[in-house]
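Summary of the model geometry
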Amino acid sequence: MKTLLSTLVLLVLTISASAQSEVFATQEGAINGYDPVAYFTESKPIIGNKEISLIWKEEIWYFSSTENRDTFKANPEKYEPQFGGYCAYGMSRGYKAKTDADAWTIADGKLYLNYNLEVKKIWSEKQNDLIDKANKTWPSVKNSLMK
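Quick summary incoming for the structure in this document. (Residues numbered from 1 in each chain as written. Predicted model: local features only at pLDDT ≥ 70, side-chain atom pairs only at ≥ 80, totals over all residues. Heavy atoms only, no water.)

Another aspect to go through is the overall build of the protein chain. A tally of helices and strands in the protein chain yields 7 helices and 6 strands. Counting from the amino terminus, helix and strand elements in the protein chain follow one another as α-β-β-α-β-β-α-α-α-β-β-α-α. Of all 147 residues assigned to the protein chain, the portion counted as buried reaches 41%. The long-range share in the protein chain, meaning contacts at least 24 apart out of those at least 6 apart in sequence, stands at 57%. Summed over its atoms, the accessible surface of the protein chain is roughly 8800 Å², and 52% of this surface lies on carbon and sulfur atoms. (Helix = DSSP H or I, 4+ residues; strand = E, 2+ residues; numbered from the N terminus. Buried < 20%, exposed > 50% of the residue type's maximum accessible area, 1.4 Å probe, protein only. Contact = heavy atoms within 4.5 Å. Areas by Shrake-Rupley, 256 points an atom, 1.4 Å probe, with all protein chains shown as cover.)

See below:
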């Protein structure tokens, strides 16, 4: 009975920790399974290969090539999307939202993802102000659950 109770407590803690991940992840992996390096090198979203992966920030990241995986591994902070891959516009408004791989921007060498192309358009109009707001919001929101 004591072992069963210990196992249940561990399971609840594990589920709770993964539900509060600071990285937007789905069953397809971090950032929906897209290769974060490809946004920089190919200037477009490319779905990662499940055979070419690594674990970082407790999530599985997929890559379209071993070169991209190795590039990410050498400097993940350079290639990871800002705000854990959650919608940058949503973050500027104080909440986490999922993203569309086609709604992306690189600004000042950083990758920003948005909810969809319409939100990206709004984001682009006031991008610098919204980046400042999102940067201020992220520390208090990053461990919250996505609504």
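Okay, back to it.
A few words on the nonpolar core. In terms of nonpolar packing, the biggest core is built from 17 residues, with Phe83, Tyr89, Met91, Tyr112 and Trp123 touching the most fellow members. Those elements that provide at least two residues to this core are helix H5 (88-92), helix H6 (117-125) and helix H7 (127-141). Ranked by the residues each element gives to this core, the list is headed by H7, at 5 residues. In contact with Tyr89, other than residues within four places in its own chain, are Asn114, Val119, Ile122, Trp123 and Leu130. (Core = buried A, V, L, I, M, F, W, Y, C linked by side-chain atoms within 4.5 Å.)

The next subject is the environment of Trp104. Mapped onto the elements, Trp104 comes out in strand S5 (residues 100-107). A residue is classified by how much of its surface remains accessible, and Trp104, at 17% relative accessible area, is buried. A C-alpha to C-alpha distance of 8.3 Å links Trp104 and Leu117, two positions 13 residues apart in sequence. Beyond its immediate chain neighbours, meaning those up to four positions away, Trp104 contacts Tyr39, Ser43, Lys44, Pro45, Leu111, Tyr112, Leu113 and Lys120.

None of the figures reported here should be taken as evidence of function without further support.
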